[in-house]
Amino acid sequence: MLAACGDSAGSGTEQADEGELIHVHDVLVGAGGSPVYLAAHTGLYELRDGKVVARSDNFDDLMAAAIEPDGTLIASGHPDLSKENLRVEGKPPLLGLVESEDGSTWTPRSLLGDADFHALVVTEGRLYGADSTSARVMVSDDGGHNWEPTAGDAQLLDLAIDPTHPDQMVGVDLDRGLAVTGDGGDSWEPVAGAPQLVDLEWTSSALIGIDAEGSIMRSTDGGLTWAPASSMAGAEALGSDGTDLYAYVQPVGLHRSS
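The shown structure was predicted, so the numbers you read here are calculated from the model rather than taken from an experiment.

Here is what the cut-offs are and how they apply
- Residues numbered from 1 in each chain as written.
- Predicted model: local features only at pLDDT ≥ 70, side-chain atom pairs only at ≥ 80, totals over all residues.
- Heavy atoms only, no water.
- Helix = DSSP H or I, 4+ residues; strand = E, 2+ residues; numbered from the N terminus.
- Rg over C-alpha atoms; globule rule 2.2 N^0.38 Å.
- Buried < 20%, exposed > 50% of the residue type's maximum accessible area, 1.4 Å probe, protein only.
- Contact = heavy atoms within 4.5 Å.
- Areas by Shrake-Rupley, 256 points an atom, 1.4 Å probe, with all protein chains shown as cover.
- Lys, Arg positive; Asp, Glu negative; His and termini not counted.
- Charge placed at Lys NZ, Arg CZ, Asp CG, Glu CD.
- Pairing = 2+ DSSP bridges.
- Axes fitted to C-alpha atoms, helices over the stretch in contact; angles between N-to-C directions.
- Polar contact = N/O pair within 3.5 Å; in protein donor to acceptor, adjacent residues only side chain to side chain.
- 1 Å grid on protein atoms, 1.4 Å probe; cavity = no way out; pocket = protein on both sides within 12 Å on 5 of 7 lines; lining within 4 Å.
- Points joined across faces, edges and corners; volume = space filled by probe spheres on them.
- Nonpolar A, V, L, I, M, F, W, Y, C, P; charged D, E, K, R; others polar.
- Core = buried A, V, L, I, M, F, W, Y, C linked by side-chain atoms within 4.5 Å.

Chemist: Can you tell me about the overall build of the protein, naming the residues and giving the values?
Modeler: Looking only at helices and strands, one finds 0 helices and 23 strands in the protein. Against the globule reference of 18 Å for 258 residues, the protein gives a C-alpha radius of gyration of 17 Å, in line with a compact fold. The C-alpha extent of the protein, read off along each of the three principal axes, is 50 × 45 × 30 Å. Sorting the 258 residues of the protein into buried and exposed places 52% on the buried side. Pairs at least 24 apart in sequence give 37% of the contacts found in the protein among residues at least 6 apart. As presented, the protein carries roughly 11500 Å² of accessible surface, and 47% of it is formed by carbon and sulfur atoms. Computing the positive centroid from 12 side-chain charges and the negative centroid from 43, the protein places the two 4 Å apart.

Chemist: For the sheet that holds strand E3 (residues 43-48), give the residues involved together with the corresponding values.
Modeler: Spatial strand order, E1-E2-E3-E4: 4 strands in an open sheet with antiparallel pairing. The open sheet has two free edges, formed respectively by strand E1 (24-29) and strand E4 (51-54), since each of these has just one partner strand. Neighbouring strand axes in the sheet, compared pairwise and without regard to direction, differ in orientation by 25° on average. Here 5 bridges tie strand E2 (residues 36-40) to E3, and the two strands are oriented antiparallel to one another. Bridging across to E3, Tyr-37 finds its partner in Glu-46.

Chemist: Any details on the side chain of Thr-150? Residues and values, ideally.
Modeler: Following the sequence through the fold, Thr-150 ends up in strand E12 (residues 148-153). Among the residues examined, Thr-150 registers a relative accessible area of 6% and is labelled buried. In terms of polar contacts, Thr-150 uses its side chain to reach the backbone carbonyl oxygen of Val-137, at 2.8 Å. A distance of 3.3 Å separates a polar atom in the side chain of Thr-150 from the backbone oxygen of Gly-185. The contacts of Thr-150, once residues within four sequence positions are left out, are Arg-136, Val-137, Val-139, Gly-184, Gly-185 and Asp-186.

Chemist: Let's hear about the layout of surface pockets: which residues, and what values?
Modeler: Its volume calculated, the largest pocket comes out at about 980 Å³. Along the wall of the largest pocket there are 39 residues; nearest its centre are Val-121, Val-122, Thr-123, Glu-201 and Ser-240. At the level of secondary structure, the elements contributing two or more residues to the lining of the largest pocket comprise E1, strand E5 (61-67), strand E9 (117-123), strand E10 (126-131), strand E13 (156-161), strand E17 (197-202) and strand E21 (235-240). For the lining of the largest pocket, the element with the most residues is E9, which contributes 5 residues. By residue class, the composition of the lining of the largest pocket is 21 nonpolar, 9 polar and 9 charged.

Chemist: With reference to specific residues and values, describe the pairing of strand E7 (residues 97-100).
Modeler: One ladder, built from 3 bridges, connects strand E6 (residues 73-78) with E7; its direction is antiparallel. The residue bridging Leu-73 from the neighbouring strand is Ser-100, located in E7. Across 3 bridges, E7 lies against strand E8 (residues 107-110) in antiparallel orientation. Across the sheet, Val-98 pairs through a bridge with Pro-108, a residue of E8.

Chemist: I'd love a proper account of the nonpolar core, names of residues and values included.
Modeler: Counting residues in each nonpolar core, the largest one holds 14 residues, and the members touching the most others are Leu-21, Val-24, Val-27, Leu-38, Tyr-248 and Leu-254. Going through the elements one at a time, E1, E2, E3 and strand E22 (245-249) are the ones with two or more residues in this core. Within the second largest apolar cluster, 13 residues are counted, among which are Ala-119, Ala-154, Leu-159 and Ile-161.

What follows is the structure in structure tokens.
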């Protein structure tokens, strides 16, 4: 079933078929809360009239995705191995950075076969990507056509950036757990006593995380301390339109909080 978008006072109850939706990595929310996409192991899906609709019949494994200010979709991960259009002969099946105007057809923008971003964060005038192949946070000032690596090594599973101080980042590191940087990714420090988190989203008011049990956690000091933010359980991925927070909850539910 699908719980359609609801505010913090409650959720909708429209029904929908799950289809082939498997493990959502990112919730993408357009300006003003529409459109809403789910980037998953089995491709991109759109929440439309309370139903989850696959944007294509391709099963690209989208490990990370984001919406640019003009509405263009960008993503990374691994291509559908039954297709050849996003493969490079002699290179591993890595999407690098791909783009789409409609979520149905993806075209390469950069690093096809060379990078596998597990997080993509769009900030004002800059794009950040957590690349699992180089174990670095990569930075682009031209929308991801050209990239520069930061100095610090970080095998990040997710990344969040303070919207008011872009050098302040928090990441979920494969080896160190939750880690923070104040210099734009040139050095990272683990956060002692931090909960085991699997997803992060930095809204205009707080840093939000999902712990290993699917509970929503909140930090108001840049990730140094955390407290439970909601009694909701089973959350798998977070997204934001810049103000409201969205959480995808298993088996198929989307909840919104302001």
